[in-house]
Amino acid sequence: MTARGLLAATLALVTLAACSGSEPAPPSEGIAASKIEGTAAPGGVPGGIPITSVGDLLGEYRVAGIDEKQLGGNVGIAVSVDGELLSFEPICAGFIWQVSFEGEALDLTRYREPVPAHEPGEVLPPIRPVCTVGLLPQWRQLAGALDAVTRAQRTPGNAIRLSGGGRSVTLFSQ
């Protein structure tokens, strides 16, 4: 066989191997890790490393799953942890939390702006701009899960999993 023929045969084999799909796709790590690993994980992911400081959460993430289900449809949600605030758009809808830790316990408290001092009966201007967007069900589901979580951990697949109160959120770095 000539060198050109050998090269063509090699390229054909490489292309065939790459396109064959003979290897199964890896499981969606972090979404239902307890099912993937074959063990129950009521408080977290087997082999997960607890996150115990706000600094370890800083960054931009995409939501991969809520309550052990992949985020489906044509919806993409980005979560930002900046300083001690966690948020996602639209912030005007109240999707912002204060983040703190006590040991391994994560505390996400929905951020509420203080009401300014005022006289009884005085009409106050809106503190936050009025949010006129329709709220997607996925946004509400994510907000409900974030209101419930009490634990953060890094999974073996390098995702962030927030869990607690029977709820969970899986985040991947952007």
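This text follows the structure it describes.
Since we're looking at a predicted model, the values are computed, not measured.

(A) Up close: the pattern of salt bridges. Applying the stated criterion across every chain yields a total of three salt bridges. Here D67 ties to R167 by a salt bridge, and the two come within 2.8 Å at their closest N and O atoms. Of the two residues, D67 is situated in the loop between β2 (59-66) and β3 (69-70) and R167 in strand β10 (residues 167-173); the sequence distance between them amounts to 100 residues. On the accessibility criterion, D67 (22% relative accessible area) is partly exposed. With a closest N to O distance of 2.2 Å, E68 and R161 form a salt bridge. You can see E68 sitting in the loop between β2 and β3 and its partner R161 sitting in strand β9 (residues 160-164), a full 93 residues away along the chain. With a relative accessible area of 6%, R161 lands in the buried category.

(B) Summary view of the environment of L142. Mapped onto the secondary structure, L142 falls in helix α3 (residues 137-148). Judged by its relative accessible area of 0%, L142 falls in the buried class. Once the C-alpha coordinates of L142 and D67 are considered, the two residues, 75 residues apart in sequence, prove to be 8.8 Å apart. When sequence neighbours within four positions are dropped, the list of residues in contact with L142 reads V63, I66, I77, V79, F88 and V169.

(C) Structural view of the nonpolar core. Core analysis: the largest hydrophobic core is formed by 30 residues, its most contacted members being V63, F88, L142, L146 and L162. Sorting elements by how many residues they give to this core places α3 first, with five residues. Excluding its chain neighbours within four sequence positions, the residues that come into contact with F88 are I77, A78, V79, F95, W97, W139, L142, A143 and L146.

(D) A look at unusual backbone geometry. In the segment running from E89 into P90, the intervening peptide bond is cis, with an omega of 0 degrees. Within the secondary structure, P90 sits in the loop between β5 (85-88) and β6 (96-102). Phi is positive for D67, close to 55 degrees, though the residue is something other than glycine. A positive phi angle is found at E68, which is not glycine, with a value near 65 degrees. Exposure remark for E68: the relative accessible area of 29% places this residue in the partly exposed category.

Criteria and cut-off values
- Residues numbered from 1 in each chain as written.
- Predicted model: local features only at pLDDT ≥ 70, side-chain atom pairs only at ≥ 80, totals over all residues.
- Heavy atoms only, no water.
- Salt bridge = Lys/Arg side-chain N within 4 Å of Asp/Glu carboxyl O.
- Helix = DSSP H or I, 4+ residues; strand = E, 2+ residues; numbered from the N terminus.
- Buried < 20%, exposed > 50% of the residue type's maximum accessible area, 1.4 Å probe, protein only.
- Contact = heavy atoms within 4.5 Å.
- Core = buried A, V, L, I, M, F, W, Y, C linked by side-chain atoms within 4.5 Å.

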